[in-house]
Amino acid sequence: MRRRLPAVALALGITLALLAAAPALAAGYRYWSFWDGSAGGRWSYATQGPSMARPADGSVQGFRFSVSKDAAAQAAQPRTAADFETVCGTTAPTEGTKRVALVIDFGVPADAPTGDTPPEAAPRTACAQVASGATTAEALASVAKPLRYNSAALLCAISGYPKQGCGDQVADSAAGTPAPAESAAAESAAQESGGGPSAGLLAGIAAVAALAAAGVWQSRRRTR
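Remember, predicted model here, so these are calculated numbers, not experimental data.

Caption draft 1: Structural context of the overall build of the protein. For the protein, the count of helices and strands is five helices and eight strands. Along its sequence from the N terminus, the protein presents helices and strands in the succession α-β-β-β-α-β-β-α-β-β-β-α-α. Here the protein, with 224 residues, has 33% of them falling under the buried criterion. Nonlocal contacts in the protein, meaning residues at least 24 apart in sequence, comprise 67% of its contacts between residues at least 6 apart. Just so you have it, the protein exposes about 12800 Å², and 58% of that area is on carbon and sulfur atoms.

Caption draft 2: How the structure looks around unusual backbone geometry. That bond from Lys 145 to Pro 146 is cis: its omega, 0°, falls within 30 degrees of zero. In this model, Tyr 161 is joined to Pro 162 through a cis peptide bond whose omega is -5°. One non-glycine residue, Ala 153, lies in positive phi territory at about 65°. Locating Ala 153 in the fold gives a position in the loop between β6 (148–149) and β7 (155–157). One non-glycine residue with positive phi stands out, namely Ser 159, at about 50°. One can find Ser 159 in the loop between β7 and β8 (168–170).

Caption draft 3: Broad picture of the nonpolar core. The biggest cluster of nonpolar side chains holds 20 residues, and the ones touching the most others in it are Trp 32, Phe 63, Leu 102, Ile 104, Leu 140 and Ile 158. Secondary-structure elements contributing two or more residues to this core are β1 (28–37), β3 (59–68), β4 (97–105), β5 (124–131) and α3 (136–141). The element that contributes the greatest number of residues to this core is β4, accounting for three residues. By size, the runner-up hydrophobic cluster in this structure holds eleven residues, among which are Ala 75, Ala 82, Cys 88 and Ala 101.

Calculation criteria
Residues numbered from 1 in each chain as written. Predicted model: local features only at pLDDT ≥ 70, side-chain atom pairs only at ≥ 80, totals over all residues. Heavy atoms only, no water. Helix = DSSP H or I, 4+ residues; strand = E, 2+ residues; numbered from the N terminus. Buried < 20%, exposed > 50% of the residue type's maximum accessible area, 1.4 Å probe, protein only. Contact = heavy atoms within 4.5 Å. Areas by Shrake-Rupley, 256 points an atom, 1.4 Å probe, with all protein chains shown as cover. Core = buried A, V, L, I, M, F, W, Y, C linked by side-chain atoms within 4.5 Å.

Below, the structure written as structure tokens:
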């Protein structure tokens, strides 16, 4: 029995190494992501849902439908810059109301659910002039009906798109197209690592080597 232990340990180490070397199969989702516009036309992943956020006059809010990871660095951003003047520059302010620039990006055909198609190829922009205490959801409803929500208040459809589904999980391969931020991060990581093997693979190889050395040592010890 003791003679079999090194072989078993070695086999286990090889298995762990292969698992470490394999790419992660984290799931992606088909959903509307919500973004806050900031200076310079940049987007940042919203920390509140549209039904909770109450943007100030002069704000820019963005929505993007895509298949991507539910994370700030991995969700697909709107393909139009967050520019308030471009969207609302000709809308005069009025007392008791606020102006919210909205960018609604229906995404690309590859991300559409089966049997559905994005209603517009390019992102749509609209200037919502709403009550000063209105939420982003109310601003969106004023320019992009019909909206559809699920029982958990998750935004499922804007202007009726998509017709069905709500935050559906999809195969990892469908979520493989990186968002601009993700692509930049991946490129930076590759440059820093010099294109070498992943840390998981190196850790797996080291584990196998250590187990193999232990097996040889125990074998020599028994033969003495």
